[in-house]
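One-letter residues, chain by chain:
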Amino acid sequence: MKMFTNNSLLSKYTFAAAIGFLSLGFSVSAQAQETLTIQQAIERMLQNNLNIKRAVLSVSSAAVDLQQSKAALYPSLNASADNSLSFGRGLNSTTFQVVNQKFYQGSGTLSTSVDVFGGLSKINQIRQNKILLDAGNSNLDKVKNDLILQVVTSYFQVVFNVELLKASKEQLLVAQQTEEREEALMDAGNKTVADVSQAKAQAATAELNVTNAQNQLTISYLTLSQLMEMRTDTNEYNVVAPTVQDIAMAQKVFNVNDVFNSAMSVFPDVKLAGLNRQAAEKGIAVARGALTPKISFGANLGSSYSYLLAAESQNQHFFDQVSSRFNQGIGLNLQIPIFNGLQARSNVKRAKINYEDYKLQENLTKNNLYKVIAQAIADLRAADSRYSSTLNTFNAQKDAFNVIEQRYNVGLVNSLDYNTSRTNRNKAETDFIQAKYDLLFRSKVIDYYLGRQINF
C-alpha cells in the first residue's frame, strides 16, 4: 500500500516509526544470538586454531630433544644373550675342540659404557637444545600473535560491515519513501514521469547498496568464523561495536622510537630471531667437538654354557658351567680424529655460516619491525585526519540535505537537486563510517605491537 502526505512533520514521524520497528526487530534477533566480543573471538581462535596446535606439538618435540640430550650424559647399560644349535662339525665351547656332533650352546653379556671426554659436544648440545626449546615457545607466541592480528582485522571488518548495512537499509527506506511520494505527486499532477524515474533509480541504487553490504557482511562473518575454526554457514553471533570513548582513545599520538623500544621487549618475532641466533652460535661449539679426541670407559660381565646332544655325553651342570666360565673386563677407549674427508671441519664451517645467517635475520627482523611500526603510526595519523575531515563533511552534507529536504517538501527545490543532495549525504556517511573504523583499527595495530590486550 502507498502512503503519502504533504505534511513533512508526519513524514518524519512515519520515518522514525519505521526505523524504530527495524531496530526492534534487530534487537529481538540479537537476543536470540550469541554476542561475541573481540577478546572472546581472540580466545576462541587461540583455543581452536589448528596452526597453534601444530606449534604446540613442535614445542613438545623440542622438549623431548632436550630430555634426550641430557640422558646422553648417563652411562649406557646393555644386556645380550646368544643361543645356537649346531649340527655337524663345529667348535665345542667347553673343550674348544672341533667335533662332529649336535650340540647346544649359549652365552650372556652385560656391558656398560660412558663417555669421559668428547670435546664438550654433549654439554653444548644440551645448551643448544635449551635455547631451541625457548625458540619453540617463542615461535608458538609468534603464531598466536600473527593470528590475533588476523582476528582483529576480520572482527573490525565485520563491525564495519554491520554498521554499513544498517546505514544502507536506512538509506533504502528513505529512497523508497521518496519514490512513493513522487508517484503520489505525479498522480496528483504535481510531478512528471522524469521525477518518478529519478526516484526509482535512487531506490534501485539504494537497494543494490544494501545487497552489496549484506554480501560483504556475510563474507566477513565467514572469514572470522574460519579463523576461529567455527563451521557455520550463517551469522550465529553478533559483534560488539566500539563506543565514543574508544574513538577518543584511538586519537592518541604515539612516538615511533617509544613504540619500537617497547615492542623490542615484547614482540615474539624479535625474541625468536634472537634465540635462533643463540642456538646457531651453540651449534658451532657442538660441531667443534668432533675435532677433539674422545675418551670413553667401558666394562662388561659375561659367561657361557654348552650341551652335547648325544645320548652318551656327560654334560656339566648349567650353573657349574656359568660359574666356571664367568668373565669380566674393563677398558678405556681413546679415539683421535686424524682425517675423515674434512667432514668435521666442513661441519664447523657450515655452523659458522649458519650463525652469520641468523645474525642477519635478527637484524632484518628488527629493521622490519621499525619500518612497520613507523608505517603503522603514519597510517594512524592519516586515519585520524581523515576521520576528522569525513566527520565534518558528513555533518555538513547532513545539514545541507535537511535544508534541501525542507525546501523540496514545499516545492522550492526540484527532484534533481534533492536526489543529488541525498546522494552526497549518503556518500559522506559511508566515507565517515569507513574512516571511523579505519582509525579504530589503526590504533589497535599499535596496541598489537605494544603487546597490549586488544578489546573495546
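Residues numbered from 1 in each chain as written. Predicted model: local features only at pLDDT ≥ 70, side-chain atom pairs only at ≥ 80, totals over all residues. Heavy atoms only, no water.

Undergrad: In this structure, what is going on with the packing of helix α5 (residues 193–227) against helix α11 (residues 415–449)? I would like to understand it.
TA: When two helices pack together, their arrangement is captured by the angle between the axes and the distance separating the axes. Closest axis-to-axis distance for the α5/α11 pair is 10 Å, and the angle between their directions is 15°. Judged by the inter-axis angle, α5 sits roughly parallel to α11. Of the two elements, α5 crosses α11, and the hand of that crossing is left-handed. Contacts between α5 and α11 involve Asp195, Gln198, Ala199 and Gln202 from the first element and Ser415, Leu416, Asn419, Arg422 and Thr423 from the second. Of the residues contributing to the contact of α5 with α11, the split by class is 2 nonpolar, 5 polar and 2 charged. (Axes fitted to C-alpha atoms, helices over the stretch in contact; angles between N-to-C directions. Helix = DSSP H or I, 4+ residues; strand = E, 2+ residues; numbered from the N terminus. Parallel < 35°, antiparallel > 145°, perpendicular 65-115°, else oblique. Left-handed = near helix turned anticlockwise from the far one by under 90°. Contact = heavy atoms within 4.5 Å. Nonpolar A, V, L, I, M, F, W, Y, C, P; charged D, E, K, R; others polar.)

Undergrad: Quick question: what am I supposed to make of the packing of aromatic side chains here?
TA: The geometry of an aromatic ring pair is captured by two quantities: the separation of the ring centres and the angle between the planes. Summed over all chains, the structure comprises 14 aromatic pairs. Between Phe156 and Phe441, the aromatic rings sit 6.0 Å apart at their centres with planes inclined by 70°, giving edge-to-face as the arrangement. On the criterion of sequence distance, the pair formed by Phe156 in helix α4 (residues 121–187) and Phe441 in helix α11 is long-range, its members being 285 residues apart. Centre to centre, the rings of Phe160 and Tyr437 are 6.1 Å apart; their planes meet at 70°, and the pair counts as edge-to-face. Placement of the pair is Phe160 in helix α4 and Tyr437 in helix α11, with a sequence separation of 277 residues. Each member of the aromatic cluster is reached from another via a ring pair, and the members are Tyr104, Tyr305, Phe318 and Phe319. (Phe/Tyr/Trp six-rings, centres within 6.5 Å; stacked < 30°, edge-to-face > 60°.)

Undergrad: Please clarify how a nonpolar patch on the surface should be interpreted in this entry.
TA: The grouping of Val116, Phe117, Leu120, Phe297, Ile330 and Leu332 at the surface amounts to a nonpolar patch, some 630 Å² of accessible area in total. Sorting the residues of the nonpolar patch by element identifies β5 (103–117) and β8 (327–335) as the ones contributing at least two each. (Patch = residues over 30% accessible without salt bridge, like charges linked within 9 Å, V, L, I, M, F, W, Y side chains within 5 Å. Areas by Shrake-Rupley, 256 points an atom, 1.4 Å probe, with all protein chains shown as cover. Salt bridge = Lys/Arg side-chain N within 4 Å of Asp/Glu carboxyl O.)

Undergrad: For this particular structure, what's the right way to read the pattern of salt bridges?
TA: Pairing of side chains with opposite charge becomes possible as their charged atoms draw close. Using the criterion set out here, one finds 13 salt bridges in the structure. With its nearest N and O atoms 2.8 Å apart, the salt bridge here joins Glu163 to Lys436. Remark: Lys436 occurs in helix α11 and Glu163 occurs in helix α4; sequence separation between them is 273 residues. Residue Asp447 is joined to Arg452 by a salt bridge in which the shortest nitrogen-to-oxygen separation is 3.1 Å.

Undergrad: Please explain the pairing of β8 as it appears in this structure.
TA: Side-chain positions along a regular strand alternate between the two faces of the sheet. Counting buried residues along β8, only 0 of its 9 residues qualify, which leaves the element largely exposed. Judged from the 9 bridges that link them, strand β7 (residues 294–308) and β8 form a sheet pairing that is antiparallel. Bridge assignment links Ser296 to a residue of β8, and that residue is Asn333. (Buried < 20%, exposed > 50% of the residue type's maximum accessible area, 1.4 Å probe, protein only. Pairing = 2+ DSSP bridges.)

Undergrad: Would you explain the nonpolar core in this entry?
TA: Generally speaking, nonpolar side chains in soluble globular proteins are found buried as a group. Formed by 70 residues in total, the largest nonpolar core has its most connected members in Val152, Met228, Tyr237, Leu369, Ile373, Ile446 and Tyr449. Looking at this core element by element, the count peaks at 18 residues for α4. Those residues in contact with Tyr449, other than ones at most four positions away along the chain, are Ala263, Val266, Phe267, Leu369, Val372, Ile373 and Ala376. (Core = buried A, V, L, I, M, F, W, Y, C linked by side-chain atoms within 4.5 Å.)

Undergrad: What should I look at first to understand the packing of helix α7 (residues 256–266) against helix α10 (residues 343–409) in this one?
TA: At a minimum axis distance of 10 Å, the contact between α7 and α10 shows a crossing angle of 135°. The angle between α7 and α10 places the two elements in the oblique class. Crossing geometry of α7 relative to α10 is assigned as right-handed. Between α7, through Val256, Asn257, Val259, Phe260, Ala263 and Met264, and α10, the contact on the second element is made entirely by Lys366, Leu369, Tyr370, Ile373, Ala374 and Ile377.

Undergrad: I tried to follow the environment of Tyr237 on my own but got confused; where do I start?
TA: Topologically, Tyr237 is positioned in strand β6 (residues 237–239). The class of Tyr237 is buried, set by a relative accessible area of 0%. Counting along the chain gives 202 residues from Tyr237 to Thr35, while the straight-line C-alpha distance between them is 5.5 Å. The residues touching Tyr237, leaving out its near neighbours within four places in the chain, are Gln33, Glu34, Leu36, Tyr221, Leu224, Ser225, Met228 and Met230. A distance of 2.9 Å separates a polar atom in the side chain of Tyr237 from a polar atom in the side chain of Ser225. (Polar contact = N/O pair within 3.5 Å; in protein donor to acceptor, adjacent residues only side chain to side chain.)

Purely spatial values, then, with no claim about function.
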